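Per-entry structural report
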Amino acid sequence: MIPLKTLGRWLRPGLLFALSVFLTGCSSAILAPKGQIGHDQKTLLITATVLMLLVVVPVIIMTLAFAWKYRASNTKARYEPKWSHSTAIEVVVWSIPCMIVLVLAVLTWRSSHSLDPYRPLDSDKKPVVIEAISLDWKWLFIYPEENIATVNEITFPVNTPLNFKITSDSVMNAFFIPHLGSMIYSMTGMETKLHLIANETGTFPGMSSHYSGAGFSKMHFDAHSVTEADYQAWLTKVRAQSTTLDQTAFGALVADKNHDWHPVTYFGTAETGLFDWVVARHMGDNQHYGMDHKAMDHAAMSHGAAGESHEGHEMPAGAHEGHDAAAPSGDAAAAPADAAAAEHAEHTADEHAAAGHTGHAGSGE
């Protein structure tokens, strides 16, 4: 049988080599944060990992130690075939994990609120508002307060909160700057929010972290954290561009479904309200999901041509004419027609009420 020390000497070089191979493609951005949100998330990640290792590591060590001590060839080990219970062991193996789970629960509760991406950051500086729109396959950024726009590049002053408003003009995507912190999804017809801050100057890579099609791998951008003076100089450079981002220019960007990386593009002016227009244009005519509910008079709705029926109510051809033009005169003939009309209106009202409740239940509103 191979001695344990000899086996360890053989395995150590192989384990180190395998570990180096596995870590070759890893990026240290998450573990080297450049912003407060990223730093808090790193602390939470390390704390949670260490707490879990308090259970995992001892279990692994004891498993190996017990297997070695109570091996068949060790005749000096205690042999108790009728042993079945130990109160001391039960207390240890249950109390320690329970305490760790309790600590993790408290950490999770507190961090879920403090690191909420919708929660604005406390700062004495005015935040920079950036509206991000994911396209196929590039990122469009609008600075509504500066009235400019860029493609695949953002610049912002250091130590200044960034208030991102994010949506998509295509499929669902994900906005992520690993050095700064949280990732959040962009979805058509919806607006998500993200609050970040950079504590250091530098250029931090941003990316799409959700597969979205053929050009997904080229959907990345640079986030430049600069001094206030450099930020103002950058704004001046962008405003000097003669290009304007309006609905027509936006349509051209959408039509250009680049599979390669789209070069950085500046727009010296940006149409006011373009971000809201992008969100609204994907909501459609059925306005149950986030849109205004306009009161509609059922009497004004068209019932269609003769012979058309309501869902679940077959109406024979000429039925409406029978109630209108072909109805015989006199109270005796008018009564059935009025009764039929009243019954039809009652069925229709019930259908619309049921449809309305169904629509609201589906939307979660």
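Residues numbered from 1 in each chain as written. Predicted model: local features only at pLDDT ≥ 70, side-chain atom pairs only at ≥ 80, totals over all residues. Heavy atoms only, no water.

Let us look at the packing of helix H2 (residues 36-69) against helix H3 (residues 87-114). The interhelical angle for the contact between H2 and H3, taken along N-to-C directions, is 170 degrees, at an axis separation of 10 Å. The pairing of H2 with H3 is recorded here as roughly antiparallel in orientation. For the pair H2 and H3, the crossing hand works out as left-handed. Counted together, Leu-44, Thr-47, Ala-48, Leu-51, Met-52, Leu-54 and Val-55 of H2 and Ile-100, Val-103, Leu-104, Leu-107 and Ser-111 of H3 form the full contact between these two elements. Each residue belonging to the contact of H2 with H3 can be placed in one class, and the counts come to 10 nonpolar, two polar and no charged. (Axes fitted to C-alpha atoms, helices over the stretch in contact; angles between N-to-C directions. Helix = DSSP H or I, 4+ residues; strand = E, 2+ residues; numbered from the N terminus. Parallel < 35°, antiparallel > 145°, perpendicular 65-115°, else oblique. Left-handed = near helix turned anticlockwise from the far one by under 90°. Contact = heavy atoms within 4.5 Å. Nonpolar A, V, L, I, M, F, W, Y, C, P; charged D, E, K, R; others polar.)

Of all hydrophobic cores here, the largest spans 32 residues; its most connected members are Ile-154, Phe-164 and Phe-175. When contributions to this core are tallied by element, the ones reaching two or more residues are strand E1 (128-135), strand E2 (138-143), strand E4 (153-157), strand E5 (162-168), strand E8 (192-196), strand E10 (220-226) and helix H4 (228-239). Among the elements that take part in this core, H4 stands out by supplying four residues, more than any other. Once you skip the residues sitting within four places of it in the chain, Ile-154 turns out to touch Ile-130, Phe-141, Tyr-143, Phe-164, Ile-177, Phe-221, Asp-222, Ala-223 and His-224. (Core = buried A, V, L, I, M, F, W, Y, C linked by side-chain atoms within 4.5 Å. Buried < 20%, exposed > 50% of the residue type's maximum accessible area, 1.4 Å probe, protein only.)

Where charged atoms from two side chains of opposite charge come close, those side chains can pair. For the structure on display, the rule yields seven salt bridges. The partner of Glu-131 in a salt bridge is Lys-165, with the nearest N and O atoms 3.6 Å apart. Of this pair, Glu-131 sits in strand E1 while Lys-165 sits in strand E5, and the two are 34 residues apart along the sequence. Exposure remark for Glu-131: the relative accessible area of 8% places this residue in the buried category. Taking the relative accessible area as the measure of exposure, Lys-165 reaches 23% and is therefore partly exposed. The salt bridge partner of Asp-136 is Lys-257, with a shortest N-O separation of 3.2 Å. Separated by 121 residues along the polypeptide, Asp-136 in the loop between E1 and E2 and Lys-257 in the loop between helix H5 (247-255) and strand E12 (265-267) bring together distant segments of the chain. (Salt bridge = Lys/Arg side-chain N within 4 Å of Asp/Glu carboxyl O.)

Inspection of every chain in the model, using the stated rule, returns 13 aromatic pairs. Consider the rings of Tyr-143 and Trp-234, whose centres lie 5.5 Å apart with planes at 55 degrees: the pair is tilted. One end of the pair, Tyr-143, is in strand E2; the other, Trp-234, is in helix H4, and 91 residues separate them in sequence. For the pair Tyr-143 and Trp-234, a shared accessibility class is recorded, and that class is buried. Here the aromatic residues Trp-139, Phe-141, Phe-164, Phe-175 and Phe-221 are joined through ring pairs into a cluster of three or more. (Phe/Tyr/Trp six-rings, centres within 6.5 Å; stacked < 30°, edge-to-face > 60°.)

Right, let's talk about the pairing of E10 for a bit. Of all seven residues in E10, five are buried; the element is thus mostly enclosed. Pairing of E4 with E10 involves five bridges; the strand directions are parallel. Bridging from a neighbouring strand, Phe-156 pairs with Ser-225 of E10. Relative to E10, strand E9 (residues 202-208) runs antiparallel, the two sharing six bridges. Paired with Pro-205 across the bridge in E10 is Asp-222. (Pairing = 2+ DSSP bridges.)

Geometry only, nothing functional implied.
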